[in-house]
Number of protein chains: 4
Amino acid sequence: MTQELGVAMIGYAFMGAAHSQAWRVAPHFFDLPVTPVMRVVAGRNKDGVEAAAAKLGWEEASTDWRSLLERDDIGLFDICTPGDSHKEIALAALAAGKHVLCEKPLANSVEEAEVMTAAATKAFEEHGTLAMVGFTYRRLPAMQLARKLIADGRIGEIRHVRAQYLQDWISDPMAPLSWRLDKEKAGSGALGDIGAHIVDLTQFITGQQITEVSGSLKTFVTERPKPASFSGLSGEASDEMGPVTVDDAATFLANLSGGAIGVYEATRFAYGRKNAIRIEINGSLGSLAYDFEDMNVLHFFDATEPAETAGFRRIVVTEPEHAYISHWWPAGHGLGYEHAFSHQVVDLMDAIAAGKEPSPTFADGLQVQRVLDAVERSSESRSWTSV
Amino acid sequence: MTQELGVAMIGYAFMGAAHSQAWRVAPHFFDLPVTPVMRVVAGRNKDGVEAAAAKLGWEEASTDWRSLLERDDIGLFDICTPGDSHKEIALAALAAGKHVLCEKPLANSVEEAEVMTAAATKAFEEHGTLAMVGFTYRRLPAMQLARKLIADGRIGEIRHVRAQYLQDWISDPMAPLSWRLDKEKAGSGALGDIGAHIVDLTQFITGQQITEVSGSLKTFVTERPKPASFSGLSGEASDEMGPVTVDDAATFLANLSGGAIGVYEATRFAYGRKNAIRIEINGSLGSLAYDFEDMNVLHFFDATEPAETAGFRRIVVTEPEHAYISHWWPAGHGLGYEHAFSHQVVDLMDAIAAGKEPSPTFADGLQVQRVLDAVERSSESRSWTSV
Amino acid sequence: MTQELGVAMIGYAFMGAAHSQAWRVAPHFFDLPVTPVMRVVAGRNKDGVEAAAAKLGWEEASTDWRSLLERDDIGLFDICTPGDSHKEIALAALAAGKHVLCEKPLANSVEEAEVMTAAATKAFEEHGTLAMVGFTYRRLPAMQLARKLIADGRIGEIRHVRAQYLQDWISDPMAPLSWRLDKEKAGSGALGDIGAHIVDLTQFITGQQITEVSGSLKTFVTERPKPASFSGLSGEASDEMGPVTVDDAATFLANLSGGAIGVYEATRFAYGRKNAIRIEINGSLGSLAYDFEDMNVLHFFDATEPAETAGFRRIVVTEPEHAYISHWWPAGHGLGYEHAFSHQVVDLMDAIAAGKEPSPTFADGLQVQRVLDAVERSSESRSWTSV
Amino acid sequence: MTQELGVAMIGYAFMGAAHSQAWRVAPHFFDLPVTPVMRVVAGRNKDGVEAAAAKLGWEEASTDWRSLLERDDIGLFDICTPGDSHKEIALAALAAGKHVLCEKPLANSVEEAEVMTAAATKAFEEHGTLAMVGFTYRRLPAMQLARKLIADGRIGEIRHVRAQYLQDWISDPMAPLSWRLDKEKAGSGALGDIGAHIVDLTQFITGQQITEVSGSLKTFVTERPKPASFSGLSGEASDEMGPVTVDDAATFLANLSGGAIGVYEATRFAYGRKNAIRIEINGSLGSLAYDFEDMNVLHFFDATEPAETAGFRRIVVTEPEHAYISHWWPAGHGLGYEHAFSHQVVDLMDAIAAGKEPSPTFADGLQVQRVLDAVERSSESRSWTSV
């Protein structure tokens, strides 16, 4: 019988649903050294949070997340709220000795992220409390393989990083406002919401960090209908218009610490691209390419092969030899979007059991935040900017 | 509060794990009119079934499925055993007034399937007891869309059906024996295991039935190492050899009830193809194409479009407009292999609540069995054979 | 200065245009040991053939191909007419000591093909005169590479051959009749026109021959408008209807001489597939896959690679190491449909200079004819039939 | 009988071979109002140019291109030399009343391009002499279709332009130097050689011009072996090293005149990408995507379709309805790299016959040059720079 760990989840929208599924499913496929227990989901709206508890499978609902800080049966805070509340909740949880899993982006500003990181470092050093940021896509088996191949030197010295995160859900100018289009809530738009992912993924895969950027933020549609009621991604529109205060798209060039150069683009205006995370890395011995639209596949070009038979290999990353896969299904029976969240649970439970810092730490989240901040500053100054 | 329905699952290998996941997950994403409760998992091996109960999340373990027939807190038998035991369990369950979900192929022979179908029909007519066969792939959103487009006349009169189910897990002649290579247990090899799926899928999508076939069964590797111990797909090999008594590959031509002609192929010897279910349908107004290796996508060619802009549309079947999708994630956040099992639970619970026959019925399973049988007979007689 | 070889081309429709381009272009890219000279194009219609001579670049036009038999400045007959005239022209040309290049299918019947093959063998043995049949697709660099990889044992013992030739140009029931739909002229429909190509290609690549088949021919549309005037593929329709006397689609299972099993399909009714020649070969050590819709690419799965990085390699077959390529463009600057015809000229000129039998010989064409014939007989007898 | 136009081609390397093929082939597939005659090829090396004349099919060879200015039987100069000689030859030819076709980039500097453009404008206005720059890829049928769809408003207002030109031919640091790596000869590296193409293509397709850029040039390998002898792309290396004086890769962000934002990347260091010209355009009503690795295909997403069946259409651009295609082969019988050069000949001959300015003019070439120049200046100033 493994030790139990009570979890409190704050927020219950899209990310809350994904996290709930992971908390529920992971223990049935993986041998976890610590068993998470879905204790409480917390939110501001009483009816909403109670419905969420029932639907998402939490033992209790709460409208007062602070009250959970004192409970001994809760050992971990899982923060799934918009970015403007991350700092407050994370600091309180860490201070109370609770482990923290915080959705990305870590915070809405570098300053907040710095405070959070300092608190996390202190909490770990003094109390062994862990703090992880939720860059879930790292835990796709294909991304794990990409990192491994690069670490093993299979594509040599990295020269090019090419990353795009393309969505289309607000391509229509009449798509209504949501908190994701409100700078106060979300911090930024495409940049922080999806750009953060490709910053983290490419840094994670390559082992290099972005050191300077030349960026440009663009808002194509500056006014949108207000939603008819509180809603998430797909709400109804009202007749009243309100301002979009974040970027619709972010593009930037980058230099990386190991000498590679990068081109990044994040947009919610690429009609027909639903959730296309595309990464291509070219090195002195080969290349890697990935597209989340074919999420269980990694493409690998090995330039050391004879020219006659060299070609991008379409590796279906569902073999038992691939990360996490042996716990799921036979080869070819592909994973879906949410499985990476289960992997996140697995890795976090392993870290807690081992008393080791998890990956990615808040410091990793801070570093991504610094890149995003540099992109914003560069977009204003219209020149290259150091991270 | 919805009505609860106690489930007993018999068998706990690959299919057992997939079904368990579905029973657990479906209620958290869909509003089910009847709530399944994971009461008991049953199997022959005491240690094995107890470990499975713990791992897969069942309340109890049992080594005596017959004892479950009498329990009032169990309303449904979920049969996940090899084909040789389907008939016995299904008949007993139906006789005891339990609903039945039976994995495919329905049985190891037409005769068995006929008896089961007769029992199912009787049980439904006399007691409203439901019996469904587990052709899960029907419930892929892409397959639902394919059926809808054909039913709506979007590709016109169907002329060609082209279906392949390609795997490679025993391409290596030293891959060990398993029950799936034993005719006594499995009934047939690639034909019944995976060929059954493409027979069902193409009939489901097109609304036509296969009426005659010219088939050929082939066993490439007639002897294999016995497994070192009881194991599933990926066991260790021993030094002793044993016979393969089923087909490694099945190919057949077919005529369909609506005038279409078909070409079918099922094999476990297509190196590099992990679980490639490929279906292409050509009609008088367009075509459809699908490959499970890109499982969330359906390709549709509409010949009524002007030639200048006509082309196969790569429809990412993850929009809220697509079957089941609105209950899961935003567009582009693709589903995985196991989600179709949740959809199966949803549809079965809906059928139970409505008191309507589920789809596919045992009669559907019997019809598939008759096609498989005709292929076997045709392979022996080396001539066209009626279903 | 190399020796010149006067060419007379009989027929000037689609194939005539493709051959003319090859005669004209090949000498400028390859170092030919014999230089072809485009002397005469022959046809029945005086205006037509004169216009063709001007357009296609022939020195002279003739309405009497027999008169060309006596000319010393003509050393090769290039037969691009429908199949019903192949025998007569080829026999006459060989008897007159002219080399022959004959479009496929070699003839409209096995009997004709046998007579032609006997004459070709005799002509070569007695006079060193060469006779080649135009299975041009063999000379695609990707097909050359496929053959080489198999010959080198890279995919091991062959188990599966999967071949489709899919077109859609008569999917519309109102597409008018042409000589290709007339059994007298064309011999057969999809079977001989395009099925012949995949029979030859798969036999060429694998080095195995089809020994028996179970086939089925289907005519979906039995009556079509007669063309408004003589025309090729895309003529205008008249108001009068006429019968289609050939198959619209041909499907067959096959056994091959080396133990492989095959599934073949040729159709002109696959809407959206314009010229999709698809070949997939699975062996005991790997697989190959090809689709002419991506004509410069061969996919190769090497099962001897570690599972972690194994995957179908997308080999862009445009490297200098690939057949014919060093004479054309830099890597990635792909070839088009017609280049294989230039390669045919190159190989034929090399064979003539070397005094060696060309590949494919008339005997190869006869063997394909026998396969087609067996498919037709099998379709009638509805049982497996030996080639 | 159409009027003849004598052509003199200066330079006979890669581009010379491509142009020669076009001059030879175009008249046999298209009805040209003016018939080009391949009179003279000129170059510096006597043996080389004589061999080229024989190989490429020119009537004469010359080592003195200036001597050709006075010949009445020459009406057009086709400039296929490195960029450092474009201005001199073009000015002389225009002054002599010869039409000019000049390979891209138009010149090695904006200043040169301005002088050339002024001369071209004057020559046209005063004498009706035409000057065209060789942005051949415009004449790919897929690119013509892309432009047409945008012009017809099918993707609405353009928001994103995403363009990459990826090659790998000098990824190996030991690949030898060539004139293309010498700033004196080539002007720039990847930027001018291949970046120029995606600048022109995206401007051509969208009808928008790049107005400002933020760019970065990178040289990964600063020293390479000198070639063993004069050679083109694939020469042997000597033991001596020499400097690379151009960029290996160019990346830049862009703003376009119509409000779109762009991301561009040109590199010769993308292992596995042979000649991947990738363009993706997102608009307010849809998207277009293209990759030259699948050169006969254009992908089109029409957002006005119902969500249920919306998807990127894979348009095989080989129908008679597509630009240039009716002159070539039946649908699906794809074109190759060199066909666009024949289309260039067709369009130039049409312009000459019509006495109209060709497209693209030298002014178009100058505009591209200005963009390239702005990228270079931006790379130095490390800030956004106006074109």
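Residues numbered from 1 in each chain as written. Chains lettered and ligands numbered in written order. Predicted model: local features only at pLDDT ≥ 70, side-chain atom pairs only at ≥ 80, totals over all residues. Heavy atoms only, no water.

1. Quick word on the overall build of chain A
Of regular secondary structure, chain A possesses nine helices and 17 strands. Reported as C-alpha extents along the three principal axes, the dimensions of chain A are approximately 65 × 55 × 40 Å. Among the 387 residues that make up chain A, the fraction classed as buried is 66%. For chain A, the proportion of contacts with a sequence separation of at least 24, taken over those separated by at least 6, is 70%. Entry remark: accessible area of chain A is about 12,600 Å², with carbon and sulfur atoms responsible for 49%. Between the averaged position of the 34 positive side-chain charges in chain A and that of its 52 negative side-chain charges there is a distance of 2 Å. (Helix = DSSP H or I, 4+ residues; strand = E, 2+ residues; numbered from the N terminus. Buried < 20%, exposed > 50% of the residue type's maximum accessible area, 1.4 Å probe, protein only. Contact = heavy atoms within 4.5 Å. Areas by Shrake-Rupley, 256 points an atom, 1.4 Å probe, with all protein chains shown as cover. Lys, Arg positive; Asp, Glu negative; His and termini not counted. Charge placed at Lys NZ, Arg CZ, Asp CG, Glu CD.)

2. Overview of the interface of chain D and chain A
Accessible area lost upon the coming together of the parts is a frequently used measure of interface size. The interface of chain D with chain A comprises 45 residues on the first partner and 45 residues on the second. Carbon and sulfur atoms make up 54% of the area that chain D and chain A hide from each other, which totals about 3,600 Å². Considering only the surface of chain D that becomes buried against chain A, Arg159(D), Tyr271(D) and Arg382(D) emerge as the three largest contributors, covering 20% of it. Linking chain D with chain A are eight salt bridges. (Buried area = accessible area lost by both parts, 1.4 Å probe. Salt bridge = Lys/Arg side-chain N within 4 Å of Asp/Glu carboxyl O.)

3. Details of the sheet that holds strand 2 (residues 34-42) of chain D
Residues and elements named next belong to chain D. Spatially, the six strands line up as an open sheet ordered 3-2-1-4-5-6, and their pairing is parallel. Of all the strands in the sheet, the pair left with one neighbour each is strand 3 (60-62) and strand 6 (131-133). Averaged over neighbouring strand pairs, the angle between their axes works out to 25° when direction is ignored. Contacts from helix 3 (residues 86-95) reach strand 1 (3-10), strand 4 (76-79), strand 5 (99-102) and strand 6 within the one sheet, and its direction differs from that of strand 4 by about 175°. Set on the sheet, helix 9 (residues 362-381) makes contact with strand 5 and strand 6; between it and strand 6 the angle comes to about 35°. (Pairing = 2+ DSSP bridges. Axes fitted to C-alpha atoms, helices over the stretch in contact; angles between N-to-C directions.)

4. Comments concerning the sheet that holds strand 4 (residues 76-79) of chain A
All names here are of chain A. The strand order 3-2-1-4-5-6 describes an open sheet built from six strands, whose pairing is parallel. Edge positions in the sheet fall to strand 3 (60-62) and strand 6 (131-134), since each has one partner strand and no second. Ignoring which end each strand starts from, the neighbouring axes of this sheet average 25° apart. Here strand 1 (residues 3-10) runs beside strand 2 (residues 34-42); their pairing, made up of eight bridges, is parallel. From the neighbouring strand, Gly 6 faces strand 2, where its bridge partner is Val 37. Against the sheet, helix 1 (residues 14-29) touches strand 1, strand 2, strand 4 and strand 5 (99-103), its axis set at about 150° to strand 2.

5. So, the relation of the copies chain D and chain A
Relating one copy of the chain to the other takes a rotation about an axis and a shift parallel to that axis. For the pair chain D and chain A, the superposition axis carries a translation of 0.0 Å, the fit reaches an RMSD of 0.0 Å, and the rotation angle comes to 180°. Such values leave the two copies arranged in the relation of a two-fold axis. Across chain D, the smallest distance between a C-alpha and the rotation axis is recorded for Ser383(D), namely 2.0 Å. Counting the interface residues of chain D, we find that 100% of their copies in chain A are interface residues as well, pointing to one common contact surface. (Least-squares fit on C-alpha atoms with pLDDT ≥ 70 in both.)

6. Examining the UniProt feature "domain: Gfo/Idh/MocA-like oxidoreductase N-terminal" (unreviewed entry) in chain A
In the numbering used here, UniProt assigns the feature "domain: Gfo/Idh/MocA-like oxidoreductase N-terminal" (unreviewed entry) to residues 6-123 of chain A. A distance of 19 Å separates the end C-alpha atoms of residues 6-123 of chain A, which is 43% helix and 22% strand. (UniProt positions renumbered as here; feature names shortened; annotations may be inferred.)

7. Details of the relation of the copies chain A and chain B
Superposition record for chain A on chain B: RMSD 0.0 Å, screw rotation 180°, translation along axis 0.0 Å. Residue by residue, 100% of the interface of chain A is reproduced at the interface of chain B, so both copies engage with the same surface.

8. What about unusual backbone geometry?
Cis geometry is found at the peptide bond from Lys104(C) to Pro105(C), where omega equals -10°. In this fold, Pro105(C) is placed in the loop between strand 5 (99-103) and helix 4 (110-127). Located in the positive-phi region is Tyr324(D), a residue other than glycine, with phi close to 75°. Position of Tyr324(D) among the secondary structure elements: in the loop between strand 16 (312-316) and helix 8 (339-354). Phi is positive for Arg382(D), which is not a glycine, with a value near 55°.

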